[in-house]
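# Coordinates in review
What follows is the residue order along each chain.
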Amino acid sequence: MPTTRRRLILNNGVSIPVLGLETYQRHNPGEVKNAVREAIDVGYRYFECAWINENEAEVGKAISEKIHEGAITRDDVFVSTKLWNNFHARSLVSEMLRCTLKTMGLAYVDLFLIHWPMGFKHNCKTLPLKQGKDAYSDVDYLETWKGMEDCVILGLTKSIGLANFNIEQVRRVVKHAKYKPVVNQIEVHPHFNQKALIQSCRDEHIAVVGYCPFGINEKSGVPNFPEPSILDDRIDRIAYKHGKTAAQIVLKYLITCLGVCVVPKAVSQFRIREYYDISDFELDASDVKTLDTCNRNERICLMSAFADHKYYPFDLSEIPSRSIETPSSTTVDLPSSSRLQTPSLRVNVSSRAPTNFTSRMTFGSNTRMEISSASRMDSSSTSRTSAPSTSSMINQRTTRMDTSASSRTRTESTTQSPSSSTM
């Protein structure tokens, strides 16, 4: 699949930007809308959404405002969203996408993904952690895929794809598909570079979109949980060498060396601009070799609470007992529809245990950037319950880089409690 500037050509001829913005954030109303507006001004044209994130309306509003301002046209932006696990029945798939389009104020999305291969019953909680196997749907994801194909035929989406599918599941879909998946969206970062799966998808002419590019999720900082990739000293040294940030090094590596599209999370102006500013340097062979050695095969987004589901995608040997989710719950409404048969149904969305680290890097005398353990990676995190012993893990792991002089020194990190997220 050839690239053209900052875009990748998918197997159906549609092009996708190699750098997008993950729009997860549901705790501060208006924040996502402002982030998308800022991102459009910076140059982003790819916005990654999900029904479960509860913010599609803000993304759609921001895009609509920018269109009306004349900054962009609808054809300029690439909008992707995902089908949640409660709606895997073929009859529900297109109805759910219609609900999303109505929420976003769009006539179509550019890419629609199955969020996870395992389904839940449509009248159960969106994360049925305490319901056991009784909450699991027997719907085969091949039936779900037929519903996705219906969405293409109906003109509700230009492209369809998968998320969090293993290679056997991907190949099974390809074998039975009328419309081949164009994308498999998976966890990819330096500590879990997924080279084998990326190559296998490439062999099937399926692009890979990588989420959690910095190896951080809401459990990062919890004792014994894998350390975030972004804090690896080897990445710091490469960043020092190029006069860039660790985040910029990681994004460059994933895009140019692993050949994946990436969707980092950000809401602050500083972060949004930082992540986009990766075109003025190149990684050399020694940099790439060093970054390749960072791989530890450490998965951080496991959904391990559902490991007994027959369509659970990950190897059970990858699931240490420390990683079992024990989230709290928040009540939200599922969209009502006569065909969905779930009018005014109230369900619980679980928010997994938050953590509390924020490492800071100082640039010059007055510019600060923060790396938050929340999936949205932003300095505006909302304080919540903090995990114990977090600061001991993060202290003394970040870099002070003075961009106004040649000297660069190390600095300690500070701590803060971000909000949790659902992958």
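These remarks concern the structure in this document. Keep in mind that this is a model prediction, so the values were computed, not measured. The residue numbers shown here count from 1 along each chain, following its written sequence. With pLDDT at 70 or above as the cut-off, local features in this predicted model cover only qualifying residues; side-chain atom pairs require 80 or more to be listed or tallied, and sums for whole chains, interfaces and linings still use all residues. Excluded from the side-chain calculation are hydrogens and water; included are all heavy atoms of the structure.

Another aspect to go through is the side chain of Ser-220. By the element assignment, Ser-220 lies in the loop between β10 (207–211) and α7 (233–242). Residue classification places Ser-220 among the buried residues on the basis of a relative accessible area of 0%. Between N or O atoms, a polar contact is any pair within 3.5 Å; within protein, one atom must be a potential hydrogen donor and the other a potential acceptor, and residues adjacent in sequence are included only when both atoms are from side chains. At a separation of 3.0 Å, a polar atom in the side chain of Ser-220 contacts the main-chain amide nitrogen of Asn-217. Under the scheme used here, helices are H or I runs from DSSP no shorter than 4 residues and strands are E runs no shorter than 2 residues, and both carry numbers assigned from the N terminus. The rule is simple: take the accessible area with a 1.4 Å probe, protein chains only, and divide by the maximum for that residue type; under 20% is buried, over 50% is exposed, in between is partly exposed.

Once that is clear, we can look at helix α4 (residues 141–153). Working note: α-helix, 3.6 residues per turn, so residues spaced by three or four point in the same direction. For a helix, the expected span equals 1.5 Å multiplied by the number of residues minus one. Along its 13 residues, α4 runs 18 Å from first to last C-alpha, staying within 8% of the 18 Å computed at 1.5 Å per residue. Buried residues of α4: Tyr-141, Leu-142, Thr-144, Trp-145, Gly-147, Met-148, Glu-149, Asp-150 and Cys-151, and no others. Contact partners of the buried residues in α4: β6 (78–83), α3 (90–104), β7 (109–114), β8 (157–163) and α5 (167–176). Measuring from the side-chain oxygen of the N-cap residue of α4 to the backbone nitrogen of Leu-142 gives 2.8 Å; that N-cap residue is Asp-140. Remark: Gly-155 follows α4 within two positions and exhibits a positive phi of approximately 80°. By the convention used here, residues are in contact when the closest approach between their heavy atoms is within 4.5 Å.

So, on to the pattern of salt bridges. The term salt bridge refers to a side-chain nitrogen of Lys or Arg lying within 4 Å of a carboxyl oxygen of Asp or Glu. Under the criterion given, the structure shown has 23 salt bridges. In this structure, the salt-bridge partner of Lys-241 is Asp-284, at a minimum N-O distance of 2.6 Å. One end of the pair, Lys-241, is in helix α7; the other, Asp-284, is in the loop between α9 (269–276) and α10 (285–292), and 43 residues separate them in sequence. The class for Lys-241 is partly exposed, based on a relative accessible area of 44%. Residue classification places Asp-284 among the partly exposed positions, given a relative accessible area of 31%. One salt bridge connects Asp-280 with Lys-244, and the closest N-O pair in it is separated by 3.0 Å. Taken together, the residues Asp-280 in the loop between α9 and α10 and Lys-244 in the loop between α7 and α8 (246–257) connect sequence positions 36 residues apart.

Turning next to the pairing of β7. Most of β7 is tucked away: six of the six residues are buried. Pairing between strands requires that DSSP locate at least two bridges from one strand to the other. In this sheet, β7 lies alongside β6 in parallel orientation, the contact comprising four bridges. Following the sheet pairing, Thr-81 is matched in β7 by Phe-112. Throughout, right-handed denotes a crossover for which the path from the first strand over the helix to the second runs clockwise when the strands point away from the viewer. One crossover worth recording links β6 to the parallel β7 by way of α3, and it is right-handed. The pairing of β7 with β8 spans five bridges and is classified as parallel. Each residue of the ladder has a partner; that of Leu-113, found in β8, is Gly-161. Of the crossover connections in this fold, the one passing from β7 over α4 to the parallel β8 is right-handed.

Soluble, globular proteins show a tendency: their nonpolar side chains are buried together. For our purposes a nonpolar core is just a set of buried Ala, Val, Leu, Ile, Met, Phe, Trp, Tyr and Cys residues, chained together by side-chain atoms within 4.5 Å. One finds Tyr-44, Phe-47, Ile-63, Trp-84 and Phe-112 to be the most contacted residues of the largest nonpolar core, which totals 113 residues. Looking at which element gives the most residues to this core, the answer is α8, with eight residues. The residues touching Phe-47, leaving out its near neighbours within four places in the chain, are Leu-21, Thr-23, Val-36, Ala-39, Ile-40, Val-59, Ile-63, Val-77, Phe-78, Val-79 and Ser-80.

Take the packing of aromatic side chains next. Two aromatic rings from Phe, Tyr or Trp, using only the six-membered ring of Trp, form a pair when their centres are within 6.5 Å; if the ring planes differ by under 30 degrees the pair is stacked, by over 60 it is edge-to-face, and anything between is tilted. Taken as a whole and judged by the stated rule, the model has 11 aromatic pairs. Ring centres of Trp-51 and Phe-87 lie 5.3 Å apart, and the angle between their planes is 85°; this geometry places the pair in the edge-to-face category. Within this pair, whereas Trp-51 is found in the loop between β5 (46–48) and α2 (56–68), its partner Phe-87 is found in the loop between β6 and α3, the two being separated by 36 residues in sequence. Look at Tyr-312 and Phe-314: their rings are 5.5 Å apart centre to centre, the planes differ by 80°, and that puts the pair in the edge-to-face class. Taken individually, Tyr-312 and Phe-314 each receive the classification buried, so the pair is uniform in this respect. Through successive ring pairs, a cluster of aromatic residues spans Trp-116, Tyr-312 and Phe-314. Its guanidinium or amino end placed over the ring of Tyr-108, Arg-74 lies 4.1 Å from that ring's centre, counting from NZ or CZ. Only when the NZ atom of a Lys or the CZ atom of an Arg is both within 6 Å of the ring centre and within 35 degrees of the ring normal do we say a charge sits over the ring.

Across the sheet, eight strands lie side by side as β4-β5-β6-β7-β8-β9-β10-β11; this open sheet has parallel pairing. Of all the strands in the sheet, the pair left with one neighbour each is β4 (21–22) and β11 (261–262). Strand direction decides the pairing type here: β10 and β11, joined by two bridges, are parallel. Residue Val-209 lies in a different strand from β11, and its bridge partner there is Cys-261.

A few words now on the packing of α3 against α4. Viewed as axis vectors pointing N to C, α3 and α4 meet at an angle of 40°, and their least axial separation amounts to 7 Å. Taken together, the axes of α3 and α4 lie oblique to each other. Crossing of α3 against α4: the hand is right-handed. Contacts between α3 and α4 involve Arg-90, Val-93, Ser-94 and Leu-97 from the first element and Glu-143, Thr-144, Lys-146, Gly-147, Met-148, Asp-150 and Cys-151 from the second. Residues were grouped as follows: Ala, Val, Leu, Ile, Met, Phe, Trp, Tyr, Cys and Pro as nonpolar; Asp, Glu, Lys and Arg as charged; and all remaining residues, including Gly, as polar. Residue composition of the contact of α3 with α4, by class: four nonpolar, three polar and four charged. With axes taken as lines fitted to C-alpha atoms, and helix axes fitted only over the stretch in contact, angles between N-to-C directions fall between 0 and 180 degrees. Angle categories: roughly parallel below 35 degrees, roughly antiparallel above 145, roughly perpendicular from 65 to 115, and oblique for all the rest. Two helices cross in a left-handed way if the nearer one is turned anticlockwise from the farther one by less than a right angle. They cross in a right-handed way if the turn is clockwise.

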